[in-house]
Amino acid sequence: RSNESLIGLCDELCDYGLTVHTEHRTLPRSVNLLRAPFLCTPVAGVQRRTRGSWSNDMEVEATIDWILYLLSQGLTPAHLAVLTPYVGQLDALRSRMQQRGLPVFDQPNTYAPSVPHIPIGTVHRFQGGERDIILYSAVVTEARSLHFQNQRVNLLNVAVSRARQHFITIGDIDILEKGRYTNHLVNRSTQ
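### Side note on the overall build of the protein chain
- Secondary structure summary: the protein chain contains seven helices and eight strands in total.
- Across the 191 residues of the protein chain, 57% fall into the buried class.
- Sequence separation of at least 24 residues holds for 77% of the intrachain contacts in the protein chain that already meet a minimum separation of 6.
- In the structure as shown, the protein chain presents an accessible area of about 8,700 Å², 48% of it carried by carbon and sulfur atoms.

In structure tokens form, the structure reads like this:
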């Protein structure tokens, strides 16, 4: 389902010996900022405790900016999904997207592709889903918090493999570069 660059990272991380058999898809309209399969939007912000988890308000706003930009370029909610490893960030994203009038769908077990909404969820909840563009809000701004995203490679493997064409990391690039697996998101990306 993913292009060769995206699957290439998954194969590098997990050594599955994956081969791409799907035909290359094109988005319905050229979007200027989508010039590479992996992109990074550097956002530091501040990670804060939320509901026993973490959230980052600046990343929420950067994610909203990306969604609004992509929709303004002729893409539809059917092209997008927003993922995060943290339920605290999921709550913040859901709330802010609803405030901005964006069509949010966060019940992955009942998701239907024909519903014109943007699915949001934690990486684990979105397993099995796919979209042309995945916006990944990494949240962490403290190196001590990197362990969750870097303790098991499957978290990032699942996140990246949900994207068909583009994976956009939104986060503190300097911190993510220090992670065993998150550094791959930065090193493969165009900023």
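### Quick notes on the pattern of salt bridges
- Scanning the entire structure with this criterion turns up seven salt bridges.
- Across the pair R94 and D91 runs a salt bridge, and its minimum N-O distance is 3.1 Å. With R94 and D91 both in helix α3 (residues 87–99) and three residues apart, the pair spans about one turn of that helix.
- By relative accessible area, which is 18% here, D91 ends up buried.
- For R164, the salt bridge identified is with D132, shortest N-O distance 3.3 Å. Remark: D132 occurs in strand β7 (residues 131–137) and R164 occurs in strand β8 (residues 163–171); sequence separation between them is 32 residues. Like R164, the residue D132 is buried in the burial classification.
- Here the salt bridges do not stand alone but share partners, grouping R51, D91 and R94 into one network.

### Some points on unusual backbone geometry
- Despite not being glycine, R51 shows a phi value in the positive range, around 55°.
- Of note, R51 is situated in the loop between β2 (48–50) and β3 (53–55).
- Residue class for R51 comes out exposed when judged on its relative accessible area of 60%.
- One non-glycine residue, V139, adopts positive backbone phi at about 80°.
- Residue placement: V139 occurs in the loop between β7 and α4 (147–150).
- On the basis of relative accessible area, V139 is assigned to the buried category, the value being 0%.

So, how was this worked out
Residues numbered from 1 in each chain as written. Predicted model: local features only at pLDDT ≥ 70, side-chain atom pairs only at ≥ 80, totals over all residues. Heavy atoms only, no water. Helix = DSSP H or I, 4+ residues; strand = E, 2+ residues; numbered from the N terminus. Buried < 20%, exposed > 50% of the residue type's maximum accessible area, 1.4 Å probe, protein only. Contact = heavy atoms within 4.5 Å. Areas by Shrake-Rupley, 256 points an atom, 1.4 Å probe, with all protein chains shown as cover. Salt bridge = Lys/Arg side-chain N within 4 Å of Asp/Glu carboxyl O.

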